[in-house]
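These are the residues of each chain, in order.
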Amino acid sequence: MTGRLSIVGLGPGAPEVVTPLASETLAAATDLVGYAPYLARVAERAGQRRHESDNREELARAREALDLAAEGKSVAVVSSGDPGVFAMASAVFEAIEADKPAWRDIEVTVVPGVSAMLAAAARVGAPLGHDFCVISLSDNLKPWDLVLKRLEAAASGDFVIVLYNPASKARPWQLGEALRLVARHRASSTPVIFAHAVSQKGERIDITTLKDADPSRADMRTLIIIGSSATKIFSGLGRLFVYTPRHAELAET
Ligand code: SAH
């Protein structure tokens, strides 16, 4: 009997942001597969098996999950945020397409989750209210020159820019270069948001500007949002809000 494989988004961290569909899918699984810190967010259930893996081994993890499903298990692969945004869902489809024909009979579903950018945007107001581009700054899976090419296009297109994977111990300088590139197209007063560990312990949200943005404040658990020429910071109700209006004009960039 061929089993089932669901790729489930756990949201940014807090249990109340996990969707009911994600909770139901996790509860129905016989086997959970994923990176240990993400599995730790899922309540233990008697009789359910857990298969922990390293964060870097996405394709190996996808193959392990597919093998379990091919044996007839109901497998849930967990991802943080949304599983289709820089996460496991693509790895599963890549493995199915490239590897064993038997995997093509598995019933695969993707269960969406609240991606970090949506949770971060909600904390500060509505910075993603108009057109935006989402770019991963990691050059583990693509050349840095491609990152620069896409950043240049997004910056010259006057998009709000969301940066996932802005920095890690192994990639300390990329964010500084990215901010300098965007600053060539945008006013120094452009709003920049550093959203660290959104909806997790230690959450910190900093609202700053391109001129004052300090790249050393970002790490692997930070997401960056850089405003477009229309994005505004205003203070009301005793705190700062950032939003991008619903209308836009052709700006000089
Ligand atoms: N699938 C995930 C993204 C995985 S890539 C999603 O949809 O959110 C990993 C990157 O996501 C991190 O380097 C960071 O930039 C961002 N991220 C994930 N969770 C976050 C959180 N709770 N707070 C801030 N950034 C987060």
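Residues numbered from 1 in each chain as written. Predicted model: local features only at pLDDT ≥ 70, side-chain atom pairs only at ≥ 80, totals over all residues. Heavy atoms only, no water.

K.L.:
I'd like a description of helix H7 (residues 174–183), backed by residues and values.
P.N.:
Burial of H7 is extensive: seven of the ten residues sit out of reach of the surface. The set of residues buried in H7 consists of Gln174, Leu175, Gly176, Ala178, Leu179, Leu181 and Val182. Those residues of H7 that are buried are in contact with helix H6 (144–156), strand S8 (160–164), strand S9 (191–196) and strand S11 (222–226). (Buried < 20%, exposed > 50% of the residue type's maximum accessible area, 1.4 Å probe, protein only. Helix = DSSP H or I, 4+ residues; strand = E, 2+ residues; numbered from the N terminus. Contact = heavy atoms within 4.5 Å.)

K.L.:
Give me the lowdown on the pattern of salt bridges, citing residues and values where you can.
P.N.:
What the rule picks out here adds up to nine salt bridges. Taking the shortest distance from any N to any O, the salt bridge between Glu203 and Arg123 comes out at 2.7 Å. One end of the pair, Glu203, is in the loop between S9 and strand S10 (204–209); the other, Arg123, is in helix H5 (residues 116–124), with 80 residues separating them in the sequence. Judged by relative accessible area, which is 38%, Arg123 ranks as partly exposed. Beyond isolated ion pairs, a larger network of salt bridges with shared partners links Arg204, Asp206 and Arg217. (Salt bridge = Lys/Arg side-chain N within 4 Å of Asp/Glu carboxyl O.)

K.L.:
Give a description of unusual backbone geometry that names residues and reports values.
P.N.:
The phi dihedral of Asp158 is positive, around 60 degrees, even though this residue is not glycine. Turning to its location among the elements, Asp158 is positioned in the loop between H6 and S8. One non-glycine residue, Asn165, lies in positive phi territory at about 45 degrees. With respect to the secondary-structure elements, Asn165 resides in the loop between S8 and H7.

K.L.:
Outline the packing of helix H3 (residues 58–70) against helix H4 (residues 88–98), supporting the account with residue identities and numerical values.
P.N.:
Axis angle and axis distance: for two packed helices, these are the angle between their axes and the distance between the axes, and together they describe the pair. The geometry of H3 relative to H4 is characterised by a closest axis approach of 8 Å and an angle of 65 degrees between their N-to-C directions. The angle between H3 and H4 falls in the class roughly perpendicular. You can see that H3 and H4 cross each other, and the crossing is right-handed. Between H3 and H4, the residues in contact are Glu58, Leu59, Arg61, Ala62, Arg63 and Leu66 and Met88, Ala91, Val92, Glu94, Ala95 and Ile96, respectively. Grouping the amino acids of the contact of H3 with H4 by side-chain chemistry returns eight nonpolar, no polar and four charged. (Axes fitted to C-alpha atoms, helices over the stretch in contact; angles between N-to-C directions. Parallel < 35°, antiparallel > 145°, perpendicular 65-115°, else oblique. Left-handed = near helix turned anticlockwise from the far one by under 90°. Nonpolar A, V, L, I, M, F, W, Y, C, P; charged D, E, K, R; others polar.)

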